[in-house]
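# Descriptive analysis of the structure
Chain residues, written in single-letter form:
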Amino acid sequence: MGAIVIIGGGITGSAAADALARDGHAVTLLDKGGIAAMASGRTLGGVRQSGRHPAELPLASAAVALWGGLHERLGVDVHYRRGGNLRLARTPEEVGIIRAIVDGQRARGLDLDFLSDNRAVREVAPALSENVLAAGYCATDGHADPVRTTHAFADSARRHGAIVSEGVGALSIEVTAARVTGVVTTAGRIPAERVILAAGIESPALLRPLGLDLPLSIEVVAVVQSEPLPATLDQVLGVANADCAVRQEVGGRLRFTNGGSTDGTRPEPSATEVRDLVARVAHVLPIAGHANVSRTWTGLVDLTPDALPVIDAPASVGGLVVAAGFSGHGFCLGPISGLLCADLAIGRTPRHDLAAFRLARFQAGSIATGRPELHG
Ligand SMILES: Cc1cc2nc3c(=O)[nH]c(=O)nc-3n(C[C@H](O)[C@H](O)[C@H](O)COP(=O)(O)OP(=O)(O)OC[C@H]3O[C@@H](n4cnc5c(N)ncnc54)[C@H](O)[C@@H]3O)c2cc1C
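First, a word on scope: everything that follows refers to the structure included in this document.

The next thing to look at is the site of the ligand. Near the ligand, the surroundings consist of 41 residues, among which T12, D31, S40, A170 and C332 are the closest. In the model, a nitrogen atom of the ligand is placed 3.4 Å from a nitrogen or oxygen of the L44 main chain. G46 places a polar main-chain atom, nitrogen or oxygen, 2.9 Å from a nitrogen atom of the ligand. Considered on its own, the ligand offers 1000 Å² of accessible surface; in the complex 97% of this is hidden by protein. Here the shell around the ligand is composed, by residue class, of 20 nonpolar, 17 polar and four charged.

This next bit is on the nonpolar core. Of all hydrophobic cores here, the largest spans 50 residues; its most connected members are I6, L20, V47, W67, I196, I311 and I336. For this core, the leading source of residues is helix α10 (residues 330–345), giving 10 residues. Discounting chain neighbours no more than four positions away, the residues touching I196 are I4, V5, I6, I7, A16, L20, V321, C341 and A345. Ranked by size, the runner-up nonpolar core spans 26 residues in total, among them L229, L233, L254 and A288.

What the three strands build is an open sheet, ordered β9-β10-β11; its pairing is antiparallel. The two strands at the open ends of the sheet, each matched to only one other strand, are β9 (170–176) and β11 (188–191). Each neighbouring strand pair of the sheet contributes to a mean axis angle of 25 degrees, computed without reference to strand direction. Taken together, the four bridges between strand β10 (residues 179–185) and β11 define a ladder with antiparallel strand orientation. Pairing of V183 across the sheet is with I190, part of β11.

The next subject is the packing of helix α1 (residues 11–22) against α10. Two numbers describe how α1 lies on α10: the axes approach to 7 Å, and their chain directions differ by 45 degrees. Overall, the two elements α1 and α10 adopt an arrangement that is oblique. Note on packing geometry: the crossing formed by α1 with α10 is right-handed. Within the contact between the two elements, α1 uses I11, T12, A15, A16, A19 and L20 and α10 uses G330, F331, G334, P335, S337, G338, L339, C341, A342 and A345. Of the residues contributing to the contact of α1 with α10, the split by class is 11 nonpolar, five polar and no charged.

Looking now at the pattern of salt bridges. Side chains that differ in sign of charge can pair as their charged atoms come close. Taken as a whole and judged by the stated rule, the model has 20 salt bridges. Between R52 and E56 there is a salt bridge; the shortest N-O distance is 2.6 Å. Take E56: its relative accessible area is 1%, and that puts it in the buried class. Note that R106 and D113 form a salt bridge whose closest N and O atoms lie 3.7 Å from each other. The partly exposed category is assigned to R106, whose relative accessible area is 44%. Take D113: its relative accessible area is 37%, and that puts it in the partly exposed class. Three or more residues are tied together by salt bridges with common partners; here these are D23, D343, R348 and R351.

Looking now at the environment of A199. Inspection of the secondary structure assignment puts A199 in the loop between β12 (194–197) and α8 (203–207). In this structure the C-alpha to C-alpha distance between A199 and E94, which are 105 residues apart in sequence, comes to 36 Å. Aside from chain neighbours lying at most four places away, what touches A199 is I7 and G8.

Moving on, we come to the packing of aromatic side chains. Throughout the structure, instances matching the rule amount to two aromatic pairs. Here W67 and F331 contribute two aromatic rings whose centre-to-centre distance is 5.2 Å and whose plane-to-plane angle is 55 degrees, an arrangement assigned as tilted. You can see W67 sitting in helix α3 (residues 57–67) and its partner F331 sitting in helix α10, a full 264 residues away along the chain. Judged on exposure class, the residue W67 and its partner F331 are both buried. Three or more aromatic residues joined by ring pairs make a cluster, and in this case those are W67, Y80 and F331.

Parameters at a glance
- Here the residue index of a chain counts from 1 through its sequence in written order.
- Local features in this predicted model are restricted to residues whose pLDDT is 70 or higher, and side-chain atom pairs enter the listing and the counts only when it is 80 or higher, whereas totals over whole chains, interfaces and linings include all residues.
- Side-chain metrics in this entry use all non-hydrogen atoms of the structure; hydrogen atoms and water are not considered.
- Neighbouring residues are identified by heavy atoms, a residue being near a molecule or strand if any of them is within 4 Å of it.
- Nitrogen and oxygen atoms within 3.5 Å of one another constitute a polar contact, given that in protein one can donate a hydrogen and the other can accept it, and given that sequence-neighbouring residues count only through two side-chain atoms.
- We get accessible surface area from the Shrake-Rupley algorithm with a probe of 1.4 Å; when it comes to residues, only the shown protein chains can shield them.
- For this scheme, ten residues count as nonpolar: Ala, Val, Leu, Ile, Met, Phe, Trp, Tyr, Cys and Pro. Four count as charged, namely Asp, Glu, Lys and Arg, and the remainder, Gly too, count as polar.
- Buried Ala, Val, Leu, Ile, Met, Phe, Trp, Tyr and Cys residues form a nonpolar core when they are joined through side-chain atoms within 4.5 Å.
- Working definition: with a 1.4 Å probe on protein chains only, accessible area under 20% of the residue-type maximum means buried, over 50% means exposed, and in between means partly exposed.
- Secondary structure counts use DSSP, requiring at least four H or I residues in a row for a helix and at least two E residues in a row for a strand, with both numbered from the N terminus.
- Any two residues whose heavy atoms approach within 4.5 Å are treated as being in contact.
- Any two strands between which DSSP finds at least two bridges are classified as paired.
- Note on method: axes are straight lines fitted to C-alpha atoms, helices fitted across the in-contact stretch only, with angles between N-to-C directions ranging 0 to 180 degrees.
- Orientation labels follow simple angle bins: below 35 degrees gives roughly parallel, above 145 gives roughly antiparallel, 65 to 115 gives roughly perpendicular, and whatever is left gives oblique.
- Two helices crossing with the near one rotated counterclockwise from the far one by less than a right angle form a left-handed crossing, whereas a clockwise rotation gives a right-handed crossing.
- We define a salt bridge as a side-chain nitrogen of Lys or Arg found within 4 Å of a carboxyl oxygen belonging to Asp or Glu.
- Ring geometry is summarised as follows: Phe, Tyr and Trp rings, the Trp one being its six-membered ring, pair when their centres sit within 6.5 Å, and such pairs are stacked at plane angles under 30 degrees, edge-to-face over 60 and tilted between the two.

By themselves, these figures tell us nothing about what the structure is for.
Encoded structure:
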């Protein structure tokens, strides 16, 4: 098989490069900004099955199984910790919401518990406040270091023979007689028989000239990272309405995110956003209110109309694979998304049913609308 070019060195493209390079394929991974330059370097880093859309749950469960072996596979401690995920209720109304989520997910086979009062929740996470009334608890969820993980995939791909070109942007995907033939880049043309497009929010611009429409809206999420604190929290915390999420990194820093807004992109959250976010997190995790803020940044979410990703090889352009629109929950999926991209790129039957993730669903005009869930 001829050369494969992957556009985008986030977790999706880097994991795909690793999978294909290990199988002996000639792979070039391009990123215009550098590995983990966009969402994969700015994410909360939650690795969860709970709170997933039914179509995504099998992928999330497969990903969680893969996460357990990443240290060994990649030869790097990616700081993956399977400490569980707690989704908190702060009001009586939220108790009902959490109860319904837990019931729905248990019915689909996910092993999670409903912790029905504050005492039960604080037995699992003693650092939480009295403001927490109940929680859903999935013990097999967890978190990992996003930058370490994404670089570990790209470095492993390189060790297995991939070319990794940072600072090289794709300008267009070349198509001749309805098949990809190459990628035109800021460093010249690269011939390719297959192209995997995993360029996050920039994917639609490369698809449009090929007559393919990927409708994305962009959400801006504020992220706060504290100075290191003593070990306090094993779980990733989310809340019923997704207006904040928090985890403690392996080095002790708290990292927390807000619920996002579509109110224009900006590199830094405003002082008000940071203050509101700290207050919201401190309401459930009091130590957050006493922690010094070390860094703040924003991350951009590539939100599709139904909040599900596209993982597909569109029939109209032979050799093209699209993996984008992860809608705020693609970090967890990275290890399995990479393998699925590899399956599609080499024409192997995908190891999971991808019917829900076809690009053509947006052309069909029958999609439900969804919200991204940043529960970790
Ligand atoms: C603040 C925040 C919190 C989040 N929390 C979670 C969470 O807790 N759990 C979870 O699972 N997910 C979470 N997500 C979502 C998750 O981070 C993303 O879904 C995931 O990282 C997407 O990875 P990706 O590789 O598809 O895209 P990206 O990481 O965006 O990578 C795309 C890459 O393509 C490159 N690129 C773009 N255009 C070009 C071009 N023309 N040529 C070459 N390269 C190009 C970019 O530089 C970028 O590096 C969160 C996201 C944000 C922003």
